[in-house]
Amino acid sequence: MKIVVTGSLGRISKPLAKELVQKGNSVTVISSDTERQKEIEELGAIAAIGNITDAGFLATTFTGADIVYLMEPPPNFFTDTDTQVYWSDIANAYVKAIQLSQVKKVVHLSSIGAHTREGVGMLAAHNVVETILKQLPTDVSIKFMRPVGFYYNMFAFMSSIKSQGIIVQNYGGDEKEPWVSPLDIAAVIAEEMQKPFDGRTVRYIASDEVSPNEVAHILGQAIGRPDLKWVSITDEDMLKGMLSAGMNAGAAKGIIDMNAGRRTGVLYEDYNRHKPALSHVKLTDFAKEFAAVYHANPNYSNH
């Protein structure tokens, strides 16, 4: 098959492209970075260098493809970027390009929380994007992939571990919640590309389910701090800390509200109705990577 992959050589797109090439597909990887071209070609893929807000460039690249994989790059939370506007512009370019190229099969990287715009904070932007993509003609089949929280988001905990000896968030406790490895996301997407496409479908992706207190225990053991604790603070105190670190107000509020959605259960309500089988990479596996970064970067900052 001819498959186009967006996301350059990111944490999901790189292992996805690699697996698709190994399975004998003709893979084109879109990147805005000319310096990525050589590495893309070394994977056995074709590099298409351009901007994903350029519908004309996308249409040319998509033409002739059997499947396109779409994702929206994360914004920089330390600038004034409005995530919803930023991603909506990309989604609208995708819609125009798909119509121009007449692609009929789409796999879209969405997120947990995309089932609603209420009570999930910044993740509401994923609902906006899904809604835009659903405006495509009904003969375009779309598989919406909704992974849960990425393990690598835990690198944001490193700053408070190093400075205060604790993990600090505006949620916590013994309630288990799902986490996922990008490697498992890539594997599930590759699997879905081999299956029939029919209309608009949703699949959640998760690797493990652990509570905040279990996260602290597992990460603490891995880094040699077995007494590491998870401390829950108020939304107000969390917001103050984010703003003082330089995060823009919109992003900070979006994260606070997203975490509040964990506490209320809104964030996981649709996931719990459509629970997937857990994939392979467990938190104990990721903890080794976390420990390596922790010990290699004595002055680690999450921005």
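Rules behind the numbers
- Residues numbered from 1 in each chain as written.
- Predicted model: local features only at pLDDT ≥ 70, side-chain atom pairs only at ≥ 80, totals over all residues.
- Heavy atoms only, no water.
- Helix = DSSP H or I, 4+ residues; strand = E, 2+ residues; numbered from the N terminus.
- Rg over C-alpha atoms; globule rule 2.2 N^0.38 Å.
- Buried < 20%, exposed > 50% of the residue type's maximum accessible area, 1.4 Å probe, protein only.
- Contact = heavy atoms within 4.5 Å.
- Areas by Shrake-Rupley, 256 points an atom, 1.4 Å probe, with all protein chains shown as cover.
- Axes fitted to C-alpha atoms, helices over the stretch in contact; angles between N-to-C directions.
- Parallel < 35°, antiparallel > 145°, perpendicular 65-115°, else oblique.
- Left-handed = near helix turned anticlockwise from the far one by under 90°.
- Nonpolar A, V, L, I, M, F, W, Y, C, P; charged D, E, K, R; others polar.
- Pairing = 2+ DSSP bridges.
- Phe/Tyr/Trp six-rings, centres within 6.5 Å; stacked < 30°, edge-to-face > 60°.
- Lys NZ or Arg CZ within 6 Å of the ring centre and 35° of its normal.
- Polar contact = N/O pair within 3.5 Å; in protein donor to acceptor, adjacent residues only side chain to side chain.
- Right-handed = clockwise from strand over helix to strand, strands pointing away.

A. Just the overall build of the protein, in detail. Assigned secondary structure in the protein consists of 12 helices and 12 strands. Over its C-alpha atoms the protein spans a radius of gyration of 19 Å, differing by no more than 12% from the 19 Å that the globule rule assigns to 303 residues. Oriented by its inertia axes, the alpha-carbon framework of the protein measures out at about 55 × 40 × 35 Å. For the protein, the residues scored as buried account for 51% of the 303 residues in total. Across the protein, the fraction of contacts at a sequence separation of at least 24, relative to all contacts at a separation of at least 6, is 75%. Carbon and sulfur atoms provide 50% of the accessible area of the protein, an area that totals close to 13,700 Å².

B. Layout of the packing of helix 3 (residues 55-62) against helix 4 (residues 83-101). Viewed as axis vectors pointing N to C, helix 3 and helix 4 meet at an angle of 40 degrees, and their least axial separation amounts to 8 Å. Of the possible angle classes, the one that applies to helix 3 and helix 4 is oblique. As helix 3 runs across helix 4, the sense of the crossing is right-handed. Across the interface between the two elements, A55, L58, A59 and F62 of helix 3 pack against A93, Y94, K96, A97, I98, L100 and S101 of helix 4. Partitioned by chemical class, the residues of the contact of helix 3 with helix 4 number nine nonpolar, one polar and one charged.

C. Here's a closer look at unusual backbone geometry. A positive phi is found at S8, a non-glycine position, where the angle reads about 50 degrees. Within the fold, S8 resides in the loop between strand 1 (2-5) and helix 1 (13-22). What makes S8 buried here is its relative accessible area of 15%. Positive phi outside glycine occurs at Q102, with the angle close to 65 degrees. Mapped onto the fold, Q102 is located in the loop between helix 4 and strand 5 (105-109).

D. Quick look at the sheet that holds strand 2 (residues 26-31). The strand order 3-2-1-4-5-6-10 describes an open sheet built from seven strands, whose pairing is parallel. Two strands in the sheet have a free side with no partner beyond their single neighbour: strand 3 (46-49) and strand 10 (200-205). The mean inter-strand angle of the sheet, taken between neighbouring strand axes irrespective of direction, is 20 degrees. Contacts from helix 3 reach strand 1, strand 2, strand 3 and strand 4 (67-70) within the one sheet, and its direction differs from that of strand 2 by about 170 degrees.

E. Structural detail: the sheet that holds strand 11 (residues 208-210). As summarised here, the arrangement of the three strands in space is 7-9-11, forming an open sheet in which the pairing is mixed. Only two strands of the sheet have a single partner each, and these edge strands are strand 7 (149-150) and strand 11. By the bridge criterion, three bridges tie strand 9 (residues 177-180) to strand 11 in an arrangement that is antiparallel. Within strand 11, the residue paired with E177 across the bridge is V210.

F. Representation of the packing of aromatic side chains. Inspection of every chain in the model, using the stated rule, returns nine aromatic pairs. Members of the aromatic cluster, connected to one another through ring pairs, are Y151, F155, F286 and F290. Sitting over the ring of Y152, R11 keeps its end group 4.0 Å from the ring centre.

G. Inspection of the side chain of S207 at higher detail. Counting through the fold element by element, S207 comes out in the loop between strand 10 and strand 11. Since its relative accessible area comes to 0%, S207 is described here as buried. Only 2.6 Å separates the side chain of S207 from the side chain of D184, close enough to count as a polar contact. Apart from residues no more than four positions distant in its own chain, S207 is found in contact with Y151, W179, V180, S181, D184, L278, S279, V281 and K282.

H. Spotlight on the pairing of strand 2. Where burial is concerned, most of strand 2 is hidden: five out of the six residues are buried. Between the parallel elements strand 1 and strand 2, the chain passes through helix 1 in a crossover that is right-handed. Looking at chain direction, strand 2 and strand 3 are connected through four bridges and run parallel. What sits directly across from I30, in strand 3, is A48. Each parallel crossover has a hand, and the one from strand 2 via helix 2 (residues 37-42) to strand 3 is right-handed.

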